[in-house]
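Architecture at a glance
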Amino acid sequence: MDTPVAAVWPSAWQGATLEERDWLVPLHPPLLARAPGGATDDAPPGRGGADPVARAAQCLTHGPGLAVVRGLGLDALTDEECVEACRRFMAPLGDMRPVNPDHPGDNLVTAAAPAAPARSHRPERELALHTDRARFPGPPRLLGMLCIRPARHGGESVLVSGHAVHNVLLRSRPDVLPDLYQDFHFGHGPDFERIYPVFRRSAGRLHVQYNRYWITRGQQEHGIPLSTAQVAALDAFDEVLADPRMALRVRLRRGDLLLVDNMAILHGRTSFADPPPPHAGRCLVRVWAD
């Protein structure tokens, strides 16, 4: 088992320590806007300033592990075209991967099934902090979420550094860390036998994988209930997540692209309310890359 030591990277932040300039990548003028006649504007992304893709990559790999690219022009684009616009922007950051249509999350248009939003996930409830899991070959390295339509009320993205959670536990509850470095079942079924520790080190870097719901369900479905020590360790993790000082909250605007290092940062959202039909509700594009 890896020996727990403090994570000292810029990704080990608490919400109160971050400034907007640490994670916001503004675009001037907007990119990906529909040009007259229906063509997509494919001008180089660096126009109007520094290359935003390079700036986003810097935030992801040498910064807080997240970035919000603000100013992607979506006017006159269909939802399906927004999916492709998101994929085009993210392509230099990694290899695109199909998203599972049944993956838990928000009411999304996914890259795997862009013609129809995925199922709704109880907007009146908040979405618990988690990292994305996936079928073979495992969790994606990078998560992108493009806001096509924000909610009428609520629906803020909530982000917490898993590296910072680790450091808090190392200081306050070092007794639980050995259990969090042991394997858990994150799922069960064909092509979903996913077994990971919550914390592990690879190539000198701390990796984080967490989803309390799927850990509990996965262990139960394998007939291996969580031990008392494991429950205590997961409860301690959740207690740190619940500390409001840990979280960064961002209300995504139309055209905002949230990029997250899925091996370091947990994401969730607050509850939200949408206008009644026939008005369109909150919609995000979710894209994965490795």
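As a starting point, this report considers the structure included with it. Since we're looking at a predicted model, the values are computed, not measured. (Residues numbered from 1 in each chain as written. Predicted model: local features only at pLDDT ≥ 70, side-chain atom pairs only at ≥ 80, totals over all residues. Heavy atoms only, no water.)

Moving on: the packing of aromatic side chains. Enumeration according to the criterion identifies five aromatic pairs in this entry. On the numbers, 5.0 Å between centres and 80° between planes, the contact of Y213 with W214 is edge-to-face. Take Y213: its relative accessible area is 49%, and that puts it in the partly exposed class. Classification of W214 as buried rests on a relative accessible area of 10%. Through pairs of rings, three or more aromatic residues link up here, namely Y181, F199, Y210 and F237. It is R133 that lies over the ring of W214; its NZ or CZ is 3.4 Å from the centre. It is R205 that lies over the ring of W9; its NZ or CZ is 5.0 Å from the centre. (Phe/Tyr/Trp six-rings, centres within 6.5 Å; stacked < 30°, edge-to-face > 60°. Buried < 20%, exposed > 50% of the residue type's maximum accessible area, 1.4 Å probe, protein only. Lys NZ or Arg CZ within 6 Å of the ring centre and 35° of its normal.)

Soluble globular proteins tend to bury their nonpolar side chains together. Counting 31 residues, the largest nonpolar core has L169, L180, V198, F199 and F237 as its most contacted members. Going through the elements one at a time, β8 (157-161), α4 (162-172), α5 (177-180), β12 (205-208) and α7 (228-241) are the ones with two or more residues in this core. Top contributing element to this core by residue count: α7, with six residues. With near-sequence residues (within four places) excluded, F199 lies in contact with G162, H166, L169, L177, L180, Y181, L206, H207, V208 and F237. By size, the runner-up hydrophobic cluster in this structure holds 27 residues, among which are V25, A56, L259 and V287. (Core = buried A, V, L, I, M, F, W, Y, C linked by side-chain atoms within 4.5 Å. Helix = DSSP H or I, 4+ residues; strand = E, 2+ residues; numbered from the N terminus. Contact = heavy atoms within 4.5 Å.)

This paragraph deals with unusual backbone geometry. The phi angle at A76 is positive, at roughly 75°, despite the residue not being glycine. Tracing the backbone through its elements, the reader meets A76 in the loop between β2 (66-72) and α3 (79-90). A positive phi is found at A203, a non-glycine position, where the angle reads about 55°. Assessed through its relative accessible area of 85%, A203 is described here as exposed.

The subject of this paragraph is α7. Helical periodicity: at 3.6 residues per turn, an α-helix aligns residues three or four positions apart in one direction. With 14 residues, α7 extends 20 Å between its outermost C-alpha atoms, agreeing within 8% with the 20 Å of an ideal straight helix rising 1.5 Å per residue. Buried within α7 are the following residues: Q230, A233, L234, A236, F237, V240 and L241. Projected down its long axis, α7 carries its buried residues within an arc of 155°, all on one side. Away from its buried face by more than 90 degrees, α7 exposes T228 and E239. (Expected span 1.5 Å × (residues − 1). Arc of directions from axis to C-beta.)

Relative to the helices and strands, Q230 resides in helix α7. When the C-alpha positions of Q230 and P178 are compared, they lie 9.6 Å apart, and in sequence the two are 52 residues distant. Excluding anything up to four places from it in sequence, Q230 contacts D179, D183, F184 and P225.

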